[in-house]
Amino acid sequence: MKLGFNQATTLENSNLATDLELCERHGYDYIEIRTMDKLPEYLEQYSLQRLSAYFQENHIKPYALNALVYFNNRSEDEYQQLLKEFKQMLEYAKELQVPYIVVVPLVTKEKILKKDIKASSVAVLHELAELAAPYGVKLAVEFVGHPDCTINTFEQAYDIVQKVDNPNVGLVLDCFHFHAMNSSIEALRQADISKVFILHMDDTEDFPIGSLVDEDRVWPGQGVIDLEGILSVLKESGFDGPATVELFRPEYYEMKAEDVIKKAKETTAEVVSKYL
Ligand code: ZN
């Protein structure tokens, strides 16, 4: 089993250079880089070439860029802005040899019909995949387990990705988001697991479905998500990707970054090693 680290886990108590050094020291295989804040912050001080060289000289490798938000049901102006951002991400991905870009659906209070969400998502994903193909970059759609997210269950996200039907377009399976809107384990069992490009590991406090937010996340194995259920399905289906820990807990931002990175690895490995 390979282990990945998502930078949200130390969002407020570290930076990219420190995350890399600590993740390398503690034996992580991959890192997911945040392009919305941590990478620009790094580039104020260092060059992209330096980052690329770091990955060549060390064990840790970049797995994904996080994230292109919000990709579907945008106005024309917003969409042009999104494309601009996406093209910049593709350049980063090329220089750093990052295989995946995570794309996040629109979060809004506005009610949009599921058919309109699907139509927009499929069209946008087709276009993004076409732009990404020459770069050898794949897209991973991360459904968000919150009522305000336009794609908020595994079933809905899987249906869209199936409709896109492109080998370079798949999903992020984030256990928190899976739990948070009651996605179906049975649907996961029926799914083509090769469509799960990225696995985000986490756990959560026991708040009702529909009220959970990222800050409720806790160390893997210390909350109420049926991780055993999810991971046994992944195992049966032959999932062989890395398990990437991704937490957003303010309490953990009060800790030393190294303690978080160590504890995140221990708790993730303990839960995941029985299955993957
Ligand atoms: Zn996630």
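The paragraphs below set out a description of the structure included in this document.

### What about the overall build of the chain?
Okay, step 1: Broken down by element type, the chain carries 11 helices and 10 strands.
Okay, step 2: Taken over C-alpha atoms, the radius of gyration comes to 18 Å for the chain, in line with the 19 Å a tight globule of 276 residues would show.
Okay, step 3: Taken along its principal axes, the extent of the C-alpha atoms in the chain is 45 × 40 × 35 Å.
Okay, step 4: When each of the 276 residues of the chain is scored for burial, the buried share is 54%.
Okay, step 5: Contacts in the chain between residues far apart in sequence, at least 24 positions, make up 82% of those at least 6 positions apart.
Okay, step 6: Summed over its atoms, the accessible surface of the chain is roughly 12000 Å², and 46% of this surface lies on carbon and sulfur atoms.
Okay, step 7: Computed over 27 positive and 46 negative side-chain charges, the separation of the two mean positions in the chain equals 3 Å.

### Comments concerning the pairing of strand E5 (residues 138-142)
Okay, step 1: Most of E5 is tucked away: 4 of the 5 residues are buried.
Okay, step 2: In terms of strand pairing, strand E4 (residues 100-104) meets E5 through 4 bridges, oriented parallel. Directly across from Ile101, in E5, lies its bridge partner Leu139.
Okay, step 3: With helix H5 (residues 114-132) bridging E4 and its parallel neighbour E5, the resulting β-α-β unit is right-handed.

### Focus on the coordination of the zinc ion
Okay, step 1: In the first shell of the zinc ion, the protein supplies Glu142 (OE), Asp174 (OD), His200 (ND1) and Glu246 (OE), at 1.9 to 2.1 Å from the metal.
Okay, step 2: One way to put it: the 4 donor atoms around the zinc ion meet at angles of 85 to 166°, and that makes the site irregular.

### A closer look at the packing of helix H4 (residues 76-96) against H5
Okay, step 1: Across the interface, H4 lies against H5 with an axial gap of 11 Å and an inter-helix angle of 30°. When the interaxial angle is binned, H4 and H5 end up roughly parallel. Note on packing geometry: the crossing formed by H4 with H5 is right-handed. Facing H4, whose interface residues are Tyr79, Leu83, Phe86, Lys87 and Leu90, H5 presents Val124, Glu127, Leu128, Leu131 and Ala132.
Okay, step 2: Residue composition of the contact of H4 with H5, grouped by class: 8 nonpolar, no polar and 2 charged.

### Some words on helix H9 (residues 227-236)
Okay, step 1: Residues of H9 that are buried: Leu227, Gly229, Ile230, Leu231, Val233 and Leu234.
Okay, step 2: Contact partners of the buried residues in H9: strand E6 (169-174), helix H7 (175-180), helix H8 (185-190), strand E7 (196-201), strand E8 (203-204) and helix H11 (257-272).
Okay, step 3: Downstream of H9 by one or two residues, Gly238 has phi in the positive range, about 80°.

### Focus: the pairing of E7
Okay, step 1: A large share of E7 lies buried, amounting to 6 of its 6 residues.
Okay, step 2: By the bridge criterion, 4 bridges tie E6 to E7 in an arrangement that is parallel. By the bridge assignment for E7, Asp174 is matched with His200.
Okay, step 3: Pairing of E7 with strand E10 (residues 243-245), which is carried by 3 bridges, proceeds in the parallel orientation. The partner of Leu199 across the bridge, within E10, is Ala243.

### Overview of the sheet that holds strand E2 (residues 30-34)
Okay, step 1: The 8 strands are arranged E1-E2-E3-E4-E5-E6-E7-E10 in a closed barrel whose pairing can be described as parallel. Neighbour-to-neighbour, the strand axes of this sheet turn through a mean angle of 30°, independent of strand direction.
Okay, step 2: Where strand E1 (residues 3-6) lies against E10, 3 bridges are found, and the strand directions are parallel. By the bridge assignment, Gly4 is partnered in E10 with Thr244.

### Digging into the side chain of Thr108
Okay, step 1: By the secondary structure assignment, Thr108 is in the loop between E4 and H5.
Okay, step 2: Within polar-contact distance, the side chain of Thr108 engages the backbone nitrogen of Glu110 at 2.9 Å.
Okay, step 3: Residues within four places of Thr108 in sequence aside, it is in contact with Asp148 and Thr150.

### Brief notes about the pattern of salt bridges
Okay, step 1: Summed over the entire model, instances satisfying the criterion amount to 15 salt bridges.
Okay, step 2: One salt bridge connects Glu258 with Arg25, and the closest N-O pair in it is separated by 3.0 Å. Of this pair, Glu258 sits in helix H11 while Arg25 is found in helix H1 (residues 16-25), placing the two residues 233 residues apart along the sequence.
Okay, step 3: Note on Glu258: relative accessible area 23%, which makes it partly exposed.
Okay, step 4: The residue Arg217 makes a salt bridge to Glu246 at a minimum N-O spacing of 3.2 Å. On the criterion of sequence distance, the pair formed by Arg217 in strand E9 (residues 217-218) and Glu246 in the loop between E10 and helix H10 (250-253) is long-range, its members being 29 residues apart. Neither residue differs from the other here; Arg217 and Glu246 are each classed as buried.
Okay, step 5: Beyond isolated ion pairs, a larger network of salt bridges with shared partners links Asp174, Asp202, Asp214, Arg217 and Glu246.

The rules behind the values
Residues numbered from 1 in each chain as written. Predicted model: local features only at pLDDT ≥ 70, side-chain atom pairs only at ≥ 80, totals over all residues. Heavy atoms only, no water. Helix = DSSP H or I, 4+ residues; strand = E, 2+ residues; numbered from the N terminus. Rg over C-alpha atoms; globule rule 2.2 N^0.38 Å. Buried < 20%, exposed > 50% of the residue type's maximum accessible area, 1.4 Å probe, protein only. Contact = heavy atoms within 4.5 Å. Areas by Shrake-Rupley, 256 points an atom, 1.4 Å probe, with all protein chains shown as cover. Lys, Arg positive; Asp, Glu negative; His and termini not counted. Charge placed at Lys NZ, Arg CZ, Asp CG, Glu CD. Pairing = 2+ DSSP bridges. Right-handed = clockwise from strand over helix to strand, strands pointing away. Donors = N, O, S within 2.8 Å, 3.2 Å for Na, K, Ca; no water. Tetrahedral: all angles 85-135°; square planar, octahedral: opposite > 155°, others 65-115°. Axes fitted to C-alpha atoms, helices over the stretch in contact; angles between N-to-C directions. Parallel < 35°, antiparallel > 145°, perpendicular 65-115°, else oblique. Left-handed = near helix turned anticlockwise from the far one by under 90°. Nonpolar A, V, L, I, M, F, W, Y, C, P; charged D, E, K, R; others polar. Polar contact = N/O pair within 3.5 Å; in protein donor to acceptor, adjacent residues only side chain to side chain. Salt bridge = Lys/Arg side-chain N within 4 Å of Asp/Glu carboxyl O.

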